[in-house]
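Working through the structure, step by step
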Amino acid sequence: MGAGVAKKSGGGGRRGRRRGHSSAMADINITPFVDVMLVLLIIFMVAAPMLTVGVPVKLPETAAASLPTEQEKPLAITIGADGKLFLMNSEAEEASLIPQLQAIAAERSSDKIFLRADGTVPYERVAQVMGALNAAGFRNIGLVTDSNGPLMGAAAGGAAAEPNQ
(Lines give C-alpha, C1' and ligand atoms only; values in the text may rest on other atoms or scores of the structure.)
Protein backbone atom coordinates (compact mmCIF):
# COMPACT_ATOMS: atom_id res chain seq x y z
CA MET A 1 0.00 0.00 0.00
CA GLY A 2 2.22 2.96 -0.25
CA ALA A 3 5.50 1.68 0.93
CA GLY A 4 7.61 4.26 -0.90
CA VAL A 5 5.57 7.35 0.01
CA ALA A 6 7.08 9.70 2.62
CA LYS A 7 4.90 11.64 5.02
CA LYS A 8 4.82 15.40 4.60
CA SER A 9 3.81 16.15 8.16
CA GLY A 10 6.64 16.97 10.50
CA GLY A 11 7.72 13.93 12.39
CA GLY A 12 8.67 10.89 10.41
CA GLY A 13 10.73 11.51 7.31
CA ARG A 14 14.14 12.95 6.84
CA ARG A 15 12.82 15.50 4.39
CA GLY A 16 10.29 16.92 6.87
CA ARG A 17 12.85 17.52 9.60
CA ARG A 18 15.31 19.21 7.30
CA ARG A 19 12.74 21.57 5.95
CA GLY A 20 11.68 22.65 9.44
CA HIS A 21 15.19 23.49 10.61
CA SER A 22 16.65 25.10 7.52
CA SER A 23 13.86 27.46 6.52
CA ALA A 24 14.77 31.13 6.94
CA MET A 25 12.56 33.57 8.81
CA ALA A 26 10.74 35.87 6.44
CA ASP A 27 10.16 38.69 8.96
CA ILE A 28 12.49 40.82 11.07
CA ASN A 29 12.13 40.75 14.83
CA ILE A 30 12.08 44.48 15.63
CA THR A 31 11.78 44.21 19.44
CA PRO A 32 15.54 43.79 20.18
CA PHE A 33 16.32 46.67 17.82
CA VAL A 34 13.89 48.96 19.65
CA ASP A 35 15.30 47.85 23.02
CA VAL A 36 18.86 48.69 21.94
CA MET A 37 17.80 52.07 20.54
CA LEU A 38 15.98 53.01 23.76
CA VAL A 39 19.02 52.07 25.84
CA LEU A 40 21.26 54.20 23.59
CA LEU A 41 18.82 57.10 23.81
CA ILE A 42 18.87 56.96 27.61
CA ILE A 43 22.69 56.76 27.67
CA PHE A 44 23.04 59.83 25.43
CA MET A 45 20.41 61.78 27.36
CA VAL A 46 22.34 61.16 30.59
CA ALA A 47 25.78 61.74 29.07
CA ALA A 48 25.02 64.88 27.01
CA PRO A 49 24.87 67.33 29.95
CA MET A 50 28.19 65.98 31.20
CA LEU A 51 29.94 66.80 27.90
CA THR A 52 29.95 70.54 28.54
CA VAL A 53 33.52 71.01 29.66
CA GLY A 54 34.77 74.19 31.22
CA VAL A 55 36.09 75.87 34.28
CA PRO A 56 33.32 76.17 36.87
CA VAL A 57 32.61 79.83 37.63
CA LYS A 58 29.56 81.62 38.99
CA LEU A 59 28.78 84.07 36.20
CA PRO A 60 27.11 87.38 37.06
CA GLU A 61 23.47 87.60 36.03
CA THR A 62 22.32 90.33 33.60
CA ALA A 63 19.33 91.06 31.39
CA ALA A 64 21.45 90.89 28.20
CA ALA A 65 20.35 88.71 25.29
CA SER A 66 22.48 85.88 23.90
CA LEU A 67 25.00 86.56 21.12
CA PRO A 68 24.47 84.95 17.70
CA THR A 69 26.51 81.84 16.88
CA GLU A 70 29.63 81.93 14.69
CA GLN A 71 31.35 79.67 12.19
CA GLU A 72 34.59 79.22 14.19
CA LYS A 73 34.76 77.55 17.57
CA PRO A 74 34.56 80.39 20.08
CA LEU A 75 37.74 81.28 21.92
CA ALA A 76 37.21 81.87 25.62
CA ILE A 77 39.33 83.00 28.52
CA THR A 78 38.08 82.46 32.06
CA ILE A 79 39.00 84.19 35.31
CA GLY A 80 38.32 81.84 38.21
CA ALA A 81 37.14 82.90 41.66
CA ASP A 82 40.76 82.72 42.85
CA GLY A 83 41.92 84.99 39.99
CA LYS A 84 43.62 82.24 37.96
CA LEU A 85 43.40 82.50 34.18
CA PHE A 86 42.23 79.69 31.91
CA LEU A 87 42.55 79.74 28.13
CA MET A 88 39.71 77.49 26.98
CA ASN A 89 40.04 74.65 29.53
CA SER A 90 43.75 74.79 30.39
CA GLU A 91 45.35 77.06 32.96
CA ALA A 92 47.39 79.90 31.47
CA GLU A 93 50.32 81.70 33.03
CA GLU A 94 50.04 85.50 33.07
CA ALA A 95 53.59 85.98 31.78
CA SER A 96 52.97 83.90 28.65
CA LEU A 97 49.33 84.91 28.07
CA ILE A 98 49.88 87.73 25.54
CA PRO A 99 52.35 85.76 23.32
CA GLN A 100 50.01 82.75 23.47
CA LEU A 101 47.03 84.87 22.44
CA GLN A 102 49.01 86.58 19.66
CA ALA A 103 49.89 83.16 18.20
CA ILE A 104 46.23 82.12 18.35
CA ALA A 105 45.08 85.43 16.81
CA ALA A 106 47.44 84.92 13.87
CA GLU A 107 45.74 81.60 13.04
CA ARG A 108 42.13 82.78 13.41
CA SER A 109 40.04 84.79 10.98
CA SER A 110 37.99 86.39 13.77
CA ASP A 111 39.26 88.75 16.47
CA LYS A 112 36.39 87.78 18.79
CA ILE A 113 37.11 86.34 22.22
CA PHE A 114 34.77 85.64 25.11
CA LEU A 115 35.72 86.64 28.63
CA ARG A 116 34.15 84.67 31.45
CA ALA A 117 34.77 85.86 35.00
CA ASP A 118 33.46 84.69 38.33
CA GLY A 119 31.07 87.22 39.87
CA THR A 120 33.32 87.56 42.92
CA VAL A 121 36.38 88.66 40.89
CA PRO A 122 37.17 92.38 41.38
CA TYR A 123 36.52 94.63 38.40
CA GLU A 124 40.18 95.69 38.41
CA ARG A 125 41.23 92.12 37.62
CA VAL A 126 38.69 91.88 34.79
CA ALA A 127 39.92 95.20 33.35
CA GLN A 128 43.56 94.00 33.48
CA VAL A 129 42.68 90.85 31.55
CA MET A 130 40.68 92.88 29.02
CA GLY A 131 43.73 95.11 28.50
CA ALA A 132 45.90 92.04 27.91
CA LEU A 133 43.37 90.70 25.38
CA ASN A 134 43.41 94.03 23.57
CA ALA A 135 47.21 94.09 23.56
CA ALA A 136 47.21 90.58 22.06
CA GLY A 137 45.11 91.75 19.10
CA PHE A 138 41.60 90.83 20.20
CA ARG A 139 39.47 93.95 19.73
CA ASN A 140 36.09 92.21 19.86
CA ILE A 141 35.71 91.06 23.49
CA GLY A 142 32.40 89.58 24.59
CA LEU A 143 31.63 89.40 28.30
CA VAL A 144 29.82 86.16 29.20
CA THR A 145 27.03 86.40 31.78
CA ASP A 146 23.95 84.44 32.79
CA SER A 147 20.93 85.89 31.04
CA ASN A 148 18.32 85.46 33.77
CA GLY A 149 19.46 88.36 35.96
CA PRO A 150 17.59 91.43 37.11
CA LEU A 151 17.05 94.47 34.93
CA MET A 152 19.06 97.60 35.73
CA GLY A 153 16.98 100.22 37.53
CA ALA A 154 14.05 97.89 38.18
CA ALA A 155 12.04 98.87 41.26
CA ALA A 156 10.97 96.33 43.86
CA GLY A 157 7.59 96.01 42.17
CA GLY A 158 9.21 95.10 38.82
CA ALA A 159 8.65 98.42 36.98
CA ALA A 160 11.66 100.09 35.43
CA ALA A 161 12.64 103.52 36.70
CA GLU A 162 11.96 106.45 34.36
CA PRO A 163 15.07 108.33 33.13
CA ASN A 164 15.44 112.03 33.92
CA GLN A 165 14.50 114.30 31.02
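Residues numbered from 1 in each chain as written. Predicted model: local features only at pLDDT ≥ 70, side-chain atom pairs only at ≥ 80, totals over all residues. Heavy atoms only, no water.

The protein is annotated in an unreviewed UniProt entry as Cell division and transport-associated protein TolR of Gemmobacter caeni.

What follows is about the overall build of the protein. What the protein contains, in helices and strands, is four helices and five strands. Listing the helices and strands of the protein from first to last along the sequence gives α-α-β-β-β-α-β-α-β. Split into buried and exposed, the 165 residues of the protein put 21% on the buried side. Once local pairs closer than 6 in sequence are excluded, the contacts in the protein between residues at least 24 apart make up 72%. Counting only carbon and sulfur atoms, one obtains 60% of the accessible surface of the protein, whose full area is about 12800 Å². (Helix = DSSP H or I, 4+ residues; strand = E, 2+ residues; numbered from the N terminus. Buried < 20%, exposed > 50% of the residue type's maximum accessible area, 1.4 Å probe, protein only. Contact = heavy atoms within 4.5 Å. Areas by Shrake-Rupley, 256 points an atom, 1.4 Å probe, with all protein chains shown as cover.)

If you add up the space inside the second largest pocket, you get close to 220 Å³. Taken together, 13 residues line the second largest pocket, and the ones lying closest to its centre are Pro60, Ala117, Tyr123, Val126 and Leu143. Listed by contribution, the elements that provide at least two residues to the lining of the second largest pocket are strand E4 (112–117), helix H4 (123–135) and strand E5 (140–144). The dominant element in the lining of the second largest pocket, judged by the number of residues it contributes, is H4, at three residues. (1 Å grid on protein atoms, 1.4 Å probe; cavity = no way out; pocket = protein on both sides within 12 Å on 5 of 7 lines; lining within 4 Å. Points joined across faces, edges and corners; volume = space filled by probe spheres on them.)

Quick look at the pattern of salt bridges now. On inspection of all chains with the given rule, the structure shows one salt bridge. Salt-bridge contacts for glutamate 94 lead to arginine 125; the nearest nitrogen and oxygen are separated by 3.0 Å. Placement of the pair is glutamate 94 in the loop between strand E3 (90–92) and helix H3 (97–107) and arginine 125 in helix H4, with a sequence separation of 31 residues. According to the relative accessible area criterion, glutamate 94 is exposed, its value standing at 54%. Exposure remark for arginine 125: the relative accessible area of 14% places this residue in the buried category. (Salt bridge = Lys/Arg side-chain N within 4 Å of Asp/Glu carboxyl O.)

Attention now goes to the sheet that holds E3. Spatially, five strands are ordered E3-E2-E1-E4-E5 in an open sheet, and the strand pairing comes out mixed. At either margin of the open sheet sits one strand with a lone partner, and together these are E3 and E5. When strand polarity is set aside, the average angle formed by the axes of neighbouring strands in this sheet is 30°. Pairing of E4 with E5, which is carried by five bridges, proceeds in the parallel orientation. The residue of E5 that forms the bridge with leucine 115 is leucine 143. Packing of H3 onto the sheet brings it into contact with strand E1 (76–79), strand E2 (85–87), E3 and E4, and relative to E2 it is tilted by some 20°. (Pairing = 2+ DSSP bridges. Axes fitted to C-alpha atoms, helices over the stretch in contact; angles between N-to-C directions.)

This next bit is on the nonpolar core. Ranked by internal contacts, the top residues of the largest apolar core, which has 18 residues, are Ile77, Ile79, Leu97, Leu101, Ile113 and Val129. Contributions of two or more residues to this core are made by E1, E2, H3, E4 and H4. Here this core gets four residues from one element, more than from any other, and that element is H4. Sequence-distant contacts of isoleucine 113, defined by excluding residues within four places in its chain, comprise Leu75, Ala76, Ile77, Leu101, Leu133, Phe138, Asn140, Ile141 and Gly142. (Core = buried A, V, L, I, M, F, W, Y, C linked by side-chain atoms within 4.5 Å.)

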